[in-house]
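For reference, the chains in residue letters:
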Amino acid sequence: DNFRVPPGATHVLMDRDGPGVITHMWMTFLGPEPQDWAKSGSANHQEMLLRIYWDHSPRPAVEAPVGDFFANAFGRRSSVISLPVLVEDADSYNCFWNMPFRKHARIEIVNQSEKPINLLYYNIDWIKKPAVPADQPYFYAQYRQEYPAQSGKDYVILDTKGKGHYVGTVLSVRTRSPSWFGEGDEKIYV
């Protein structure tokens, strides 16, 4: 019940008609270091792109490296303990965000590595509903990066219009200094 996803391939984790609500996603896979099951190593979680589509939209509502989606950056596996995201022992990736959909949900992983994804296990829990309220928002998550960051300019995390709830950001910063990346303040304009 595990999968091997070759380089450049896309693996579908879920493809279901709704309405419904995804309540939990779990996945695990081999790490990038060479092992008995993968003598040349495996794709790391930064080379695995998670895409989630709602209601047959051509544009993904979620598009992020698996590592960043689960609050792990730069290809390093780390434990995370929070209400919506839990990464146990740095290799059991859990997401507890409620993700409603009205007509259809599709979740896929794209292997962007030159190495395969090995021993991919996953489980997605969802509840079929008679209907999802018209004012129920969808879940969105988008990855972006800027390198190098533009000196003297604010780094924009979100610029949007309409109704919704901003629930947070995973911000990962790489610096030339061994322990400090500089000054900065959060700014929110409504």
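Above this note sits the structure.
Residues numbered from 1 in each chain as written. Predicted model: local features only at pLDDT ≥ 70, side-chain atom pairs only at ≥ 80, totals over all residues. Heavy atoms only, no water.

On to the pattern of salt bridges. Scanning the model with the defined rule gives six salt bridges in all. With its nearest N and O atoms 3.2 Å apart, the salt bridge here joins Arg-106 to Asp-15. Note that Arg-106 is positioned in strand β10 (residues 104-111) and Asp-15 in strand β2 (residues 10-17), a separation of 91 residues in sequence. Taking relative accessible area as the criterion, Arg-106 reaches 26% and is therefore assigned partly exposed. Judged by its relative accessible area of 37%, Asp-15 is partly exposed. For Lys-39, the salt bridge goes to Asp-36, with nearest N and O atoms at 3.7 Å. Lys-39 sits in the exposed class, given a relative accessible area of 62%. Each of Asp-15, Arg-106 and Glu-108 takes part in a single network of salt bridges with overlapping partners. (Salt bridge = Lys/Arg side-chain N within 4 Å of Asp/Glu carboxyl O. Helix = DSSP H or I, 4+ residues; strand = E, 2+ residues; numbered from the N terminus. Buried < 20%, exposed > 50% of the residue type's maximum accessible area, 1.4 Å probe, protein only.)

The five strands lie next to each other as β2-β10-β4-β5-β12, forming an open sheet whose pairing is mixed. Here the strands that pair on one side only, and so sit at the sheet edges, are β2 and β12 (141-142). Here strand β4 (residues 48-54) pairs with β10 via seven bridges, running antiparallel. Bridge assignment links Leu-50 to a residue of β10, and that residue is Ile-109. (Pairing = 2+ DSSP bridges.)

Counting residues in each nonpolar core, the largest one holds 33 residues, and the members touching the most others are Ile-22, Met-25, Phe-69 and Phe-70. No other element matches β4, which puts four residues into this core. With near-sequence residues (within four places) excluded, Phe-70 lies in contact with Met-25, Met-27, Val-80, Val-85, Val-87, Tyr-93, Asn-94 and Cys-95. (Core = buried A, V, L, I, M, F, W, Y, C linked by side-chain atoms within 4.5 Å. Contact = heavy atoms within 4.5 Å.)

With that out of the way, let us pick up the environment of Lys-163. Following the sequence through the fold, Lys-163 ends up in the segment after β12. Linking Lys-163 and Ile-188, residues 25 residues apart in sequence, is a C-alpha distance of 16 Å.

Looking now at the side chain of Ser-113. Note that Ser-113 resides in the loop between β10 and β11 (117-128). Judged by its relative accessible area of 7%, Ser-113 falls in the buried class. Within the structure, Ser-113 has its side chain in polar contact with the side chain of Glu-47 (distance 3.1 Å). In this structure, Ser-113 is in contact with Pro-7, Gly-8, Ala-43 and Glu-47, ignoring residues within four places of it in sequence. (Polar contact = N/O pair within 3.5 Å; in protein donor to acceptor, adjacent residues only side chain to side chain.)

Okay, a nonpolar patch on the surface next. A contiguous nonpolar surface patch, about 580 Å² in accessible area, is contributed by Tyr-155, Ile-157, Leu-158, Tyr-166, Leu-171 and Val-173. Considering the arrangement of structural elements, one finds Val-173 in the segment after β12. Overall, Val-173 belongs to the partly exposed group, its relative accessible area being 37%. (Patch = residues over 30% accessible without salt bridge, like charges linked within 9 Å, V, L, I, M, F, W, Y side chains within 5 Å. Areas by Shrake-Rupley, 256 points an atom, 1.4 Å probe, with all protein chains shown as cover.)

Another aspect to go through is the packing of aromatic side chains. With the rule as written, the count across this model stands at eight aromatic pairs. Note on Phe-69 and Phe-70: the rings are 5.1 Å apart at their centroids and 80° apart in plane angle, and the pair reads as edge-to-face. Each member of the pair, Phe-69 as well as Phe-70, is classed as buried. Feature note: the residues Phe-29, Phe-69, Phe-70, Tyr-93, Trp-97 and Phe-139 constitute an aromatic cluster, connected by ring pairs. (Phe/Tyr/Trp six-rings, centres within 6.5 Å; stacked < 30°, edge-to-face > 60°.)

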